[in-house]
Amino acid sequence: VFFAGIVLVQGVMFGADFVFRDGVDGAKRDACIENNAVLAGVYTTHDNAENLQELNDYLLEEELTGEAVILFGNVPALAFYYELEPALTSTWPDLSSFSVEKFTTELDNLSESPMIIVSANPADVGKTEEARASLKQKLAYLEQFMENNQYVQTFANDAFIVYRCQ
């Protein structure tokens, strides 16, 4: 009983901060994404569906499904939605539990140049000053990594930006 209580409390606390909460502002979830087996039958808001559909279409047109990806900016589910292979050991490297040292080490040790998808509207993940500082350090390092490896923006919409090494 004690263990179940702890799991319940942790689950609720995690969900309050980190779970994708589509339509929590009262927006109607009445739109779906087409041509995506994972998201088939899933309803979301019109704006979210439009952005996800545009990204879906881009990935299909460029034949990028199954490719390696780095996700950043509170978008960890994109790897699952689009059947992308995580290039790092976490699809959510912006969380403070994924240390700056681990993030920079994994970037430095990549043997390939994976696609990078970042949120066009990054949110601070974490409420502490330490978490915000970690996020800023990681973002700065990622930007430097992209510059050093000649990444260019190949897609953007209101929610997502895709960078690829050219």
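Within each chain, residues carry numbers counting from 1 in the order of the written sequence. Totals for whole chains, interfaces and linings use all residues, but because this is a predicted model, local features are given only for residues with pLDDT of at least 70 and pairs of side-chain atoms are given and counted only at 80 or more. Note that the side-chain values use all heavy atoms of the structure and ignore hydrogens as well as water.

> Run through the sheet that holds strand 3 (residues 115–119), naming residues and quoting values.
Strand pairing in a sheet takes place through backbone hydrogen bonds and is either antiparallel or parallel in direction. The strand order 2-1-3-5-4 describes an open sheet built from five strands, whose pairing is mixed. In this open sheet, the two strands that pair with only one neighbour each are strand 2 (85–86) and strand 4 (151–156). At least two DSSP bridges between two strands are required for those strands to pair. Helix and strand definitions here come from DSSP, where helices need a minimum of 4 consecutive H or I residues and strands a minimum of 2 consecutive E residues; each element is numbered from the N-terminal end. One ladder, built from four bridges, connects strand 3 with strand 5 (residues 160–165); its direction is antiparallel. Along strand 5, the bridge assignment pairs I116 with Y163. Contacts: residue pairs with any heavy atoms within 4.5 Å of one another. Geometry is summarised by axes, namely lines fitted to C-alpha atoms with helices restricted to the contacting stretch, and by angles between N-to-C directions that run from 0 to 180 degrees. Seen against the sheet, helix 2 (residues 46–61) touches strand 3, strand 4 and strand 5 and runs at an angle of roughly 20 degrees to strand 5.

> Pulling in residues and values, what's your account of the pairing of strand 4?
When a strand is regular, its side chains alternate between the sheet's two faces. Relative to strand 5, strand 4 runs antiparallel, the two sharing five bridges. Bridge assignment links Q153 to a residue of strand 5, and that residue is Y163. Counting the residues in the hairpin turn of strand 4 and strand 5 gives three residues.

> Give me helix 4 (residues 100–108): which residues, what numbers.
Exposed residues in this analysis have more than 50% of their type's maximum accessible area, buried residues have under 20%, and partly exposed residues fall in between, with area computed by a 1.4 Å probe over protein chains only. Every buried residue belonging to helix 4 is among F103, T104, E106 and L107, and all of these are buried. Across the axial projection of helix 4, the buried residues extend over an arc of 165 degrees, all falling on one side. Packed against the buried residues of helix 4 are strand 1 (68–72) and helix 5 (129–148). Within this analysis, the arc is defined by the directions that extend from the helix axis to the C-beta atoms.

> Outline the pattern of salt bridges, listing residues and values.
Any Lys or Arg side-chain nitrogen located within 4 Å of an Asp or Glu carboxyl oxygen qualifies as a salt bridge. The full count for this structure, using the stated rule, is three salt bridges. Measuring nitrogen to oxygen at the nearest pair gives 3.4 Å for the salt bridge that ties E62 to R164. Within this pair, whereas E62 is found in the loop between helix 2 and strand 1, its partner R164 is found in strand 5, the two being separated by 102 residues in sequence. Look at E62 and you get partly exposed, because its relative accessible area is 38%. The residue E106 makes a salt bridge to K102 at a minimum N-O spacing of 3.1 Å. Of the two residues, E106 and K102 are both situated in helix 4; the distance of four residues between them amounts to about one turn of the helix. Residue classification places E106 among the buried residues on the basis of a relative accessible area of 13%.

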